[in-house]
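# Examination of the molecular architecture
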Amino acid sequence: MSSITFEQSLEIQRPLSFVYAYLSDFSNTASWDPSVIQAQKTTPGPLQVGTHFDIQVKFAWTQLSLNYHIIDMQKDRYLELKGMADNYSLVDRIRFEGDESRCTIHYQIDVYYQEPMAKLAPLFAPLVKANGAHALRTLKQTLEGAATDWEPTAWTKLADRLVLPGLFRFTRRGFIAGKSRWIGITTDMSDKNVLITGATSGIGAAAARSLGRLGANLIVVARNEKKAQHFSELLVSEGVKAPRIEIADLGLMQDVRNLIQRLLQRGEPIHVLINNAGALFNQRVVTAEGIEQSFATLLLSPYMLTEGLKPLLVKAAGARVINVASGGMYTQAVQLQDLEYEHEDYNGSKAYARAKRGLVDMTELWAEEWKKDGIIVHSMHPGWADTPAVSHSLPQFYEKTKPWLRTPEQGADTIVWLAATPEAALTTGLFWLDRTPHNTAIFPGTRSSLEVQTTLRKKLDEYGQRFGDGVRSQRA
């Protein structure tokens, strides 16, 4: 057996108790270690000796799976974890010193190689130590709240124009490539009220979980009360505050109106509104209110909800609205004369894309108009993620692309970043993928002019006015 040792001390300007708690949950390594692709706590209940984590690591040209578990922990003093792979193991030993304003971390990593890899240990040593130093630099930046470099590179701009390289960025590998220059998120959101729709599964659930772990006061809007309650119980079992559950079918505008009225009556500011709920409908269906279902759920509903909750966004003083869109919107333009897909053969993917294009258009209008109110409005694309919605609605696409699909957590990362970090509030009205702004149009004829956007908004207002003052525009 052969071994490599790497050790380094870090001075962190953050309370000892916070630093210890953050490092104790090794699922956080995906946020601060650039080589970690995915990290998941696999043992239910509180963190304790024996708690296991599944860690997926990129090392040189390979991807490796590590089974980590806590083997010793002494609150605010010491952590020891062991990771096991096929031909090697790692032991992370972390000692803590400090007080309520600062903390010193003494971090030691020992890598033990078994035959035949032991013979290669001298070759691996420089790369192991370089990776360790890079990870700990990022850890310090993460704990001290440094900003992610979000400006698009020249390659990003070129890839958008060339289409195929841009599509690569939608995949899991695109996420991994972007992650190399990110900083983890440790913002304290304990004083923020975050309303998220479609939060009980997939990307929405991953975003809600991450924001809850940052301390946010979650308001989960769901159609199925039983499913929402189960999700709430799951969050609590993971140490997250129980969310407040609001039941509403967002495909029905009367439900949207009632939800708005309930929230306005409570009068609590909404610091972050995440319009995430959605589904792809392969057959054209008209709701009980006489509105085509894709248009109702994916565009009209978030439009009415955002407009109706504007007073609570203003009340938050610095609120953020995040609209979850889709890469499919690149293929479609808004059809002002056929918003409900009545005049041509229905195509579920096109209906979905057109609605998402409309939501991005509204994002740009809101962003410009609401600057004076201090409200930040962004749209984002989560990439191609492995979610129940994708496997159900696009089975052929799912089977062909499954090895390339992102996890829900990877898809949700930019939502969390836009909701939580100070740097995400430096701009407004942009369209984001992997913490980087991108063009909103690639193909000719798909970009909406200001005239088209304004006309679309008037049409959405007309729909909204059918359901009473509770959903009418709150524009001053």
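Presented here is a report on the structure given in the accompanying data block. Residue positions are counted from 1 within each chain, in the order its sequence is given. Where totals are concerned, whole chains, interfaces and linings use all residues; where local detail is concerned, this predicted model gives features only for residues with pLDDT of at least 70, and gives and counts side-chain atom pairs only at 80 or more. Values reported for side chains reflect all heavy atoms of the structure, with hydrogen atoms and water molecules removed beforehand.

Close contact between helix 9 (residues 253-266) and helix 10 (residues 293-308) brings their axes to 10 Å; oriented N to C, the two are set at 25°. In terms of orientation, helix 9 and helix 10 fall into the roughly parallel class. Handedness of the crossing formed by helix 9 with helix 10: right-handed. Along its contact with helix 9, which presents M253, V256, L259, I260 and L264, the element helix 10 presents A296, L300, S301, M304, L305 and G308. Considered class by class, the residues forming the contact of helix 9 with helix 10 number 9 nonpolar, 2 polar and no charged. Only the contacting stretch of a helix is used when fitting its axis, a line to C-alpha atoms as for every element, and angles between N-to-C directions run 0 to 180 degrees. Under the scheme used here, helices are H or I runs from DSSP no shorter than 4 residues and strands are E runs no shorter than 2 residues, and both carry numbers assigned from the N terminus. Any angle that falls under 35 degrees is termed roughly parallel, while one over 145 is termed roughly antiparallel, one within 65 to 115 roughly perpendicular, and all others oblique. Crossing handedness is defined as follows: a turn of the near helix away from the far one that is anticlockwise and smaller than a right angle gives a left-handed crossing, while the clockwise case is right-handed. Residue contacts are counted whenever heavy atoms from the two residues lie within 4.5 Å of one another. Any residue that is not Ala, Val, Leu, Ile, Met, Phe, Trp, Tyr, Cys, Pro, Asp, Glu, Lys or Arg is counted as polar, Gly included; the first ten are nonpolar and the last four charged.

Right, let's get into the environment of F431. Within the secondary structure layout, F431 lies in strand 14 (residues 431-433). To sort residues, take the accessible area from a 1.4 Å probe on protein chains only and compare it with the maximum for the residue type: under 20% means buried, over 50% means exposed, and anything in between is partly exposed. Since its relative accessible area comes to 2%, F431 is described here as buried. Placed 16 residues apart in sequence, F431 and I415 show a C-alpha to C-alpha distance of 11 Å. Apart from the residues lying within four places of it in its own chain, the contact partners of F431 are A325, M329, Y330, V360, S379, M380, H381, T436, P437, H438, N439 and T440.

We now examine the sheet that holds strand 3 (residues 52-59). At least two DSSP bridges between two strands are needed for those strands to be called paired. Pairing is antiparallel across the open sheet formed by 7 strands, whose spatial order is 1-7-6-5-4-3-2. Both outer strands of the open sheet, strand 1 (2-12) and strand 2 (36-41), are each paired with one neighbouring strand and no more. Within the sheet, the average angular offset between the axes of one strand and its neighbour, ignoring direction, is 20°. Note: strand 2 against strand 3, 5 bridges, orientation antiparallel. Following the sheet pairing, Q40 is matched in strand 3 by D54. Contacts from helix 1 (residues 16-24) reach strand 1, strand 3, strand 4 (62-74), strand 5 (78-84), strand 6 (88-98) and strand 7 (103-113) within the one sheet, and its direction differs from that of strand 6 by about 170°.

On to the nonpolar core, then. Nonpolar cores were defined as sets of buried Ala, Val, Leu, Ile, Met, Phe, Trp, Tyr and Cys residues, with membership established by side-chain atoms within 4.5 Å. If you look at the biggest cluster of nonpolar residues, it comprises 46 residues, and the most contacted ones within it are L195 and L309. Elements supplying a minimum of two residues to this core: strand 9 (217-222), helix 9, helix 10, helix 11 (310-316), helix 12 (348-369) and helix 16 (450-465). Per element, the largest residue contribution to this core is 8 residues, and it comes from helix 10. If we skip the residues at most four places from it in the chain, L195 touches I219, V221, L263, I270, V272, L273, I274, L305 and L309.

Take helix 12 next. Structurally, the α-helix is built with 3.6 residues per turn, so residues lying three or four positions apart point the same way. With 22 residues, helix 12 extends 32 Å from end C-alpha to end C-alpha; this agrees with the ideal 32 Å at 1.5 Å per step. With 17 of 22 residues buried, helix 12 lies mostly within the body of the structure. The span you would expect from a helix comes to 1.5 Å times its residue count less one.

Together, W155, L158 and L162 line one region of the surface with nonpolar side chains, adding up to about 290 Å² of accessible area. Among the residues examined, W155 registers a relative accessible area of 46% and is labelled partly exposed. A residue counts toward a patch only above 30% relative accessible area and without a salt bridge, and it is joined to like-charged neighbours within 9 Å or, for Val, Leu, Ile, Met, Phe, Trp and Tyr, to nonpolar neighbours within 5 Å. Per-residue accessibility takes into account occlusion by the displayed protein chains alone, with areas from the Shrake-Rupley method and a 1.4 Å probe. One speaks of a salt bridge when a side-chain nitrogen belonging to Lys or Arg is within 4 Å of a carboxyl oxygen belonging to Asp or Glu.

Pairing is mixed across the open sheet formed by 8 strands, whose spatial order is 10-9-8-11-12-13-14-15. Because the sheet does not close on itself, it has two edges, and the strands there are strand 10 (244-247) and strand 15 (436-438). Pairs of neighbouring strands in the sheet enclose a mean axial angle of 25°, with direction left out of account. By the bridge criterion, 5 bridges tie strand 8 (residues 193-197) to strand 9 in an arrangement that is parallel. Across the sheet, residue T197 finds its bridge partner in strand 9, namely V221.

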